[in-house]
Each structure stands twice: as C-alpha cells, then as structure tokens.
Amino acid sequence: MMEAQYYTKLDDNKVQCTLCPHDCVIKEGRSGICKVRANDKGRLITENYGKISGYHFDPIEKKPLYHFYPGKDILSIGSVGCNLHCQFCQNHEIAQTDVHNYPYLKELSPGEIVNAALRQENNIGIAYTYNEPLVFYEFMKDTALNAKQNGLKNVMVTNGFIKPEPLKSLVSFIDAFSVDLKAFTDDFYRKITSSNLNPVLESLKTIKKSGRFLEVTNLVIPTLNDDKKKFEELVLWIRNELGKDTVLHISRYHPMYKMNIKSTDQDTLFSLFEIANKYLDFVYLGNLHSGKGQNTYCPNCGKMVIERSGYSTETKGIDKAGGCIYCKTKVIEHYLV
Ligand code: SF4
C-alpha cells in the first residue's frame, strides 16, 4: 500500500494528516474524514492510489473550463472519497464512499492513463475530477508529472479546501484549476459542506498568484446562497482579488443526495448573471437549457467570438493567437486551433 505525503507521526501509533485544513488525527486502523487516507500500523497510506471510478474523454467545457483550449477534449479520471461532505453532492456515489464499499473501481497505473491520453485525437491532457482529486494526491501527482513530460496538460477540478504547502507543490504541475466557490459565508461552508470558507479563498489567491489558469464555479441553491447582496460581495471579491478577467460560471442546482430543496429557478440565475456581468468580463450560466449565458463576447468590442450550444464549441471569432478577429484584443490565453 502506497505511503501518503503530508503527515506527521504522533504518539501511540497515531498520525496527523496535513494535506487539507481538517488536519485529521487518525488512530491505527482508522481513516480520516475523506475516508481514503488511513493509518496502517502508524503510517499514513493512500488507499485509493490507482483505483479509478470514472474514465472518460470529455469536452473540456464540461469541467467547466471555457477559456482553456476551447473545443478540445480531455481525458477525465476520478477515484473515490472527498474531504467535504456537501449535502447537495452531485457525485455522492463515488465522493461519499471509500475503496471498500465501491465495487466498480478499476486499477490503472499513471503510465496507462498517460498512454491513453496520448493516443486520443483532439485530447489535450488529463483532468483529475469526479470526486475531489486532492484525496488521491499522490496518484494525481505521479500521473501529472508523467503527463507533463509527455507534453500533455493537467487540469484539476477541486473544492480548493487544501493546505498551503501541498497547493504550492500542485501549482508546479497542474496547468489549470476549476475551483468551486460554493458560497460567500462561512456559515454555509460549515453547515452545508462541513468545511470552512477562508482556506478556499486563500487557495484561490495562491492559484491566481502562481500564474496558473483558473476558472471559478458557484452553484446557486435557493434560500441557502442565492442572496443578491451576498452574491454581489462574492463577485466583487473575485474582481478585486483575482481580477476582472476571471471566468465565473453560475450554475443551476438540482435536488441531490441529502438535499431536497427544489431546483434554482431561471429568473434567479438570470438576475445573478446580470449582477456578475457588471463587474466581470466573462460570466457564464451552467446546467441550463435556455442557451443564455453560453457564448463568449470580446470584452473590448462586444462582438461574439465563441458560440456554444450544448458541448459544441465554435471558436469562429478567435484568431490563432487567441485574440478577437474584429479588434485583436486577447480573449483566450490558452488556445490551439
Ligand atoms: S485529506 Fe483526508 S485525512 Fe487528510 S486532513 Fe483532509 S480529510 Fe483528513
């Protein structure tokens, strides 16, 4: 069994995991809050190393990443476990379980995943996603370093609830991050996700400062995080701390897992979309079938440069350098024809 990184040995064969802000102290034979990092005879081990629950070539827009190689595919992999326990978890069958209770895991090595990614046409790399990739940190790192050596891109879809030291290491081999900013109150984070807001905000700032590519997603749940004033504060924080050009996805919630509040109505999303557009250059709507909030408009001349319909992406207004074909303003930093 693979030994984990980021932990300290304590008395009585206990260990303390220091990968995420939970800082779990784990007794021999037990696992941490994420259910997949366990104490095996006084050593912290990563139980889900190479145990894959999902493996698909997805459009990169599905992560969601709208400004990182638009129109390309990405090999997306996940395992089991999560360091958060969101009551609305959209992937709870794999995220809220462990290797002993999920019978559909497939064993794959980093090399096998990289080879599969290299073989597929239109594929730009590997996305670590589906469950929280932080909790398979060592497998993600081994795969990402191999992928990087082979010219592939690495993408992490994460809740951002990570300690500063492992995050500093992550930004050296992950090219793009899709981070969920679930709400802008600590109360929401504590009661609904069993975590805290501040470490997530710090992670977002660290990723931005590192120069790695970043997009942010906010899932809007009626009555819990749809307050317009609070949402405006969240958007202003993004503008002031991460920049006006940060991509924000406002996503529609549907009842899932332990939460039975009814789905977010479209009018709420449309009014939050208007608020975000006052402060940010690139705002999108997700999980909606209306077609609104899908296309990219040049922030300088206002012309439509990328048209999206479902997961079909037409980059007809973008030149080879990622600029607007009408006024030459740079719109997409990472682009391949
Ligand atoms: S990664 Fe898992 S074991 Fe480690 S501190 Fe976080 S929840 Fe606890």
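This is a predicted model, so every value here is computed, not measured.

Here is what the cut-offs are and how they apply
Residues numbered from 1 in each chain as written. Predicted model: local features only at pLDDT ≥ 70, side-chain atom pairs only at ≥ 80, totals over all residues. Heavy atoms only, no water. Pairing = 2+ DSSP bridges. Helix = DSSP H or I, 4+ residues; strand = E, 2+ residues; numbered from the N terminus. Axes fitted to C-alpha atoms, helices over the stretch in contact; angles between N-to-C directions. Buried < 20%, exposed > 50% of the residue type's maximum accessible area, 1.4 Å probe, protein only. Domains from an automatic or database assignment. Contact = heavy atoms within 4.5 Å. Buried area = accessible area lost by both parts, 1.4 Å probe. Salt bridge = Lys/Arg side-chain N within 4 Å of Asp/Glu carboxyl O. Polar contact = N/O pair within 3.5 Å; in protein donor to acceptor, adjacent residues only side chain to side chain. Expected span 1.5 Å × (residues − 1). Arc of directions from axis to C-beta. Near = heavy atom within 4 Å. 1 Å grid on protein atoms, 1.4 Å probe; cavity = no way out; pocket = protein on both sides within 12 Å on 5 of 7 lines; lining within 4 Å. Sits in = over half its atoms within 2 Å of the grid points. Nonpolar A, V, L, I, M, F, W, Y, C, P; charged D, E, K, R; others polar. Parallel < 35°, antiparallel > 145°, perpendicular 65-115°, else oblique. Left-handed = near helix turned anticlockwise from the far one by under 90°. Points joined across faces, edges and corners; volume = space filled by probe spheres on them.

Explain the pairing of strand S17 (residues 304-309) here, please?
The two faces of a sheet get side chains in turn, since along a regular strand they alternate between them. In this sheet, S17 lies alongside strand S16 (residues 296-297) in antiparallel orientation, the contact comprising two bridges. In the strand pairing of S17, Tyr297 is matched with Met304. The hairpin turn running from S16 into S17, its antiparallel successor, is six residues long, and Gly302 in that turn takes a positive phi close to 80 degrees.

Any chance you could explain the sheet that holds strand S11 (residues 153-158) here in plain terms?
Hydrogen bonding along the main chain pairs the strands of a sheet, whether they run parallel or antiparallel. Pairing in this open sheet of eight strands is mixed, and the strands run S7-S8-S10-S11-S12-S13-S14-S15 from one edge to the other. Strand pairing shows two members of the sheet lacking a second neighbour, strand S7 (54-59) and strand S15 (282-286), which therefore form its edges. Neighbour-to-neighbour, the strand axes of this sheet turn through a mean angle of 20 degrees, independent of strand direction. For strand S12 (residues 176-180) and strand S13 (residues 213-220), the ladder comprises five bridges, and the chain directions are parallel. The residue bridging Ala176 from the neighbouring strand is Phe213, located in S13.

Quick question: what am I supposed to make of unusual backbone geometry here?
For residues that are not glycine, phi is negative in most cases, and the peptide bond is trans in most cases. Looking along the chain, the bond that leaves Lys63 and enters Pro64 is cis, with omega of -5 degrees. Relative to the helices and strands, Pro64 resides in the loop between S7 and strand S8 (73-78). In this model, Asp23 sits at a positive phi of 50 degrees, which is unusual for a non-glycine residue. Along the polypeptide, Asp23 turns up in the loop between strand S2 (15-17) and strand S3 (25-26). Accessibility expressed as a relative area gives 25% for Asp23, which makes it partly exposed. If you check the backbone angles, Tyr130 has positive phi at about 75 degrees while not being a glycine.

Just checking my understanding: could you explain the domain arrangement of the protein chain for this structure?
Bring the parts together and some accessible area is lost; that lost area is often taken as the interface size. Each assigned domain of the protein chain is listed here: domain 1 (7-46) and domain 2 (51-294). In this assembly, twelve residues from domain 1 lie in contact with 19 residues from domain 2. Here domain 1 meets domain 2 over a buried area of about 1,300 Å², counting both sides, of which 62% is carbon and sulfur. Together, Leu19, Pro21 and Lys35 form the three largest contributors to the area buried by domain 1 at its contact with domain 2, with a combined 40%. Run the count over domain 1 and domain 2 and you get two salt bridges. Between Asp23 and Lys163 there is a salt bridge, with its nearest N and O atoms 2.7 Å apart. Here domain 1 and domain 2 share six residue pairs in polar contact (both at pLDDT 80 or more) between them.

What is the right way to look at the sheet that holds strand S18 (residues 312-314) in this model?
Across the sheet, which stays open at both edges, the three strands sit in the order S16-S17-S18 with antiparallel pairing between neighbours. If you trace the sheet from one side to the other, it starts and ends with S16 and S18, each paired once.

Please clarify how helix H6 (residues 197-210) should be interpreted in this entry.
Because each turn of an α-helix spans 3.6 residues, side chains separated by three or four positions end up pointing in the same direction. The end-to-end C-alpha distance of H6 is 20 Å, a good match for the 20 Å that 14 residues give at a rise of 1.5 Å each. Three or more residues of H6 are buried, namely Leu197, Val200, Leu201, Ser203, Leu204 and Ile207. In an axial view of H6, the angular spread of the buried residues amounts to 160 degrees, which keeps them on one side of the axis. Packing partners of the buried residues in H6 comprise helix H4 (164-170), S12, helix H5 (186-193), S13 and helix H7 (228-242).

When you look at the site of the ligand in this model, what are you seeing that I'm missing?
Surveying the vicinity of the ligand reveals the residues Cys17, Cys20, His22, Asp23, Cys24, Gly32, Ile33, Cys34, Arg37 and Asn83. In this structure, the ligand is accommodated by the largest cavity. Here the residues of the shell around the ligand are counted per class, giving five nonpolar, three polar and two charged.

I'm lost on the packing of H7 against helix H8 (residues 266-279) in this one. Help?
Geometry of a packed helix pair, given as the angle between the helix axes and the separation of the axes. Interaxial distance between H7 and H8 falls to 9 Å at its minimum, and their mutual angle equals 30 degrees. Accordingly, the angle class assigned to the pair H7 and H8 is roughly parallel. For H7 against H8, the interelement crossing comes out right-handed. Here Lys228, Phe231, Glu232, Val235, Leu236 and Arg239 of H7 lie close against H8, whose contacting residues are Ser271, Leu272, Ile275, Ala276, Lys278 and Tyr279. Classifying every residue of the contact of H7 with H8 gives seven nonpolar, one polar and four charged.

What is the right way to look at empty space enclosed by the protein in this model?
Over the atoms rolls a probe the size of a water molecule, and its path tells where empty space is left. Going through the model one piece at a time under the given rule, you end up with one cavity of 30 Å³ or more. Of the residues in the lining of the largest cavity, the class split is nine nonpolar, three polar and two charged.

Help me understand the pattern of salt bridges in this model?
Two side chains carrying opposite charge are able to pair once their charged atoms lie near each other. Per the stated rule, a full pass over the model turns up 18 salt bridges. Residue Asp186 pairs with Arg190 through a salt bridge whose shortest N-O separation is 3.2 Å. Highlighted residues: Asp186 and Arg190, both in helix H5, separated by four residues, approximately one helical turn. Residue Lys278 pairs with Glu232 through a salt bridge whose shortest N-O separation is 3.9 Å.

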